[in-house]
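Listed here are the chains, written in short residue letters.
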Amino acid sequence: MLSAVERKIEQFIADLNDKEVSGLYAQLPNGKRLRAKLILKIAGNSLSVVKTAAIVEMIHAASLLHDDVIDDAYTRRSKPSLNALYGNKTAIMLGDILYSKGFLELNNISADVAKVISNAVVQLSLGELKDVSLSKTFNLDKEVYLEMIYQKTASLMEASAGAAALLAGKSKEPYMTYGRNLGIAFQMIDDLLDITADAETLGKPALHDFEEGKTTLPYIYLYEILQSDEKEKLRSLHAKKLSTEEQLWIKMKMKEHQVIQKSYDEAKVLIVEAIKLMNERGEDALSSIAMQMIERDF
């Protein structure tokens, strides 16, 4: 079923009749296609469903292109990012083209589906801006962090599930809750992996988020529990290139105060709720996708 989505994306790109765009898009990694999987599992594989899945994946790809420019990221899934190869202007314009083509094709689905997905893209863009603003300070407000990851990551997953439910004639609210929980938990666990996984697994340096100025949930929890002198030390390390010794200190303190486990448990609560919602509706495949989320390696 995913191969049909890939073919539809290729068709949308070919419709643009631009060899440069086709060549650039061909160099982007496909990724997990998690949003497309959700849509197909909820709504089947009719043409309108496949088109919606393709549109959502194009929008997601556009957001990643913009993210890599914003974050000065020169790798994506262990390969050179498009901005590293061709510069920021090319990456931004390809992202804009994918967004625009996605919105154009949405008009051929339905007004309700278009509204759900368009609203998510507004939220996504607000989340990207918030992420940039938060990276300028040592953010200690958990609610602000949660709002940002909802907007930046979960909103499109929420909309994917909601749009699929509309296409399938199902009540969209439980599916949107499922998608929102999945998206927030996904980002929480991604933020944990930035601390616990090695650079080879991540495809980027470990503790990269903190060096980039991002204060994710484990850092917020760690700061709350540290002694005053240690608080100052953690603050002093924020948004700077960390030595091996400084990285080890952060990891040691997180282990000592069990903040990784605390953050993981918070993500797990969201996943358990999502699984319960889908089990009640006999959506075993969706429950399985959620379960895989909390079984990722640490």
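Residues numbered from 1 in each chain as written. Predicted model: local features only at pLDDT ≥ 70, side-chain atom pairs only at ≥ 80, totals over all residues. Heavy atoms only, no water.

Caption draft 1: Here's a closer look at the environment of Leu 98. Mapped onto the elements, Leu 98 comes out in helix α6 (residues 88-106). With 73 residues separating them in the primary sequence, Leu 98 and Tyr 25 have C-alpha atoms 9.2 Å apart. When residues no more than four places from it in sequence are discounted, the contact partners of Leu 98 are Ile 13, Tyr 25, Leu 28, Met 58, Ala 61, Ala 62 and Leu 65. (Helix = DSSP H or I, 4+ residues; strand = E, 2+ residues; numbered from the N terminus. Contact = heavy atoms within 4.5 Å.)

Caption draft 2: Broad picture of the side chain of Gln 123. Position of Gln 123 among the secondary structure elements: in helix α7 (residues 111-134). A relative accessible area of 18% means that Gln 123 is categorised as buried. Looking at Gln 123, its side chain comes within polar contact range of the side chain of Gln 151, at 3.2 Å. Filtering out sequence-adjacent residues up to four positions away, Gln 123 remains in contact with Tyr 150, Gln 151, Lys 152 and Ser 155. (Buried < 20%, exposed > 50% of the residue type's maximum accessible area, 1.4 Å probe, protein only. Polar contact = N/O pair within 3.5 Å; in protein donor to acceptor, adjacent residues only side chain to side chain.)

Caption draft 3: Region of the structure containing the packing of helix α3 (residues 34-43) against helix α8 (residues 142-168). Running from amino to carboxyl end, α3 crosses α8 at an angle of 25°, the nearest separation of the two axes being 8 Å. By the angle class used here, α3 and α8 are roughly parallel. α8 is crossed by α3, and the crossing has right-handed handedness. Between α3, through Leu 34, Arg 35, Leu 38, Ile 39, Ile 42 and Ala 43, and α8, the contact on the second element is made entirely by Leu 156, Met 157, Ser 160, Ala 161, Ala 164, Ala 165, Leu 167 and Ala 168. When the residues that make up the contact of α3 with α8 are grouped by side-chain class, the tally is 12 nonpolar, one polar and one charged. (Axes fitted to C-alpha atoms, helices over the stretch in contact; angles between N-to-C directions. Parallel < 35°, antiparallel > 145°, perpendicular 65-115°, else oblique. Left-handed = near helix turned anticlockwise from the far one by under 90°. Nonpolar A, V, L, I, M, F, W, Y, C, P; charged D, E, K, R; others polar.)

Caption draft 4: Region of interest: the pattern of salt bridges. The final tally for this structure, using the stated rule, is 20 salt bridges. For Asp 67, the salt bridge goes to Lys 152, with nearest N and O atoms at 3.6 Å. Linking Asp 67 in helix α4 (residues 47-70) with Lys 152 in helix α8, this pair joins segments that are 85 residues apart in sequence. Ionic pairing is found between Glu 283 and Lys 170, a salt bridge with its closest N-O pair at 2.8 Å. With Glu 283 in the loop between α15 (259-279) and α16 (284-293) and Lys 170 in the loop between α8 and α9 (172-196), the pair connects residues that are 113 residues apart, well separated along the chain. When its relative accessible area of 11% is taken as the criterion, Glu 283 is described as buried. On the basis of relative accessible area, Lys 170 is assigned to the partly exposed category, the value being 29%. The network of salt bridges with common partners includes Asp 67, Asp 71, Asp 131, Lys 152 and Lys 214. (Salt bridge = Lys/Arg side-chain N within 4 Å of Asp/Glu carboxyl O.)

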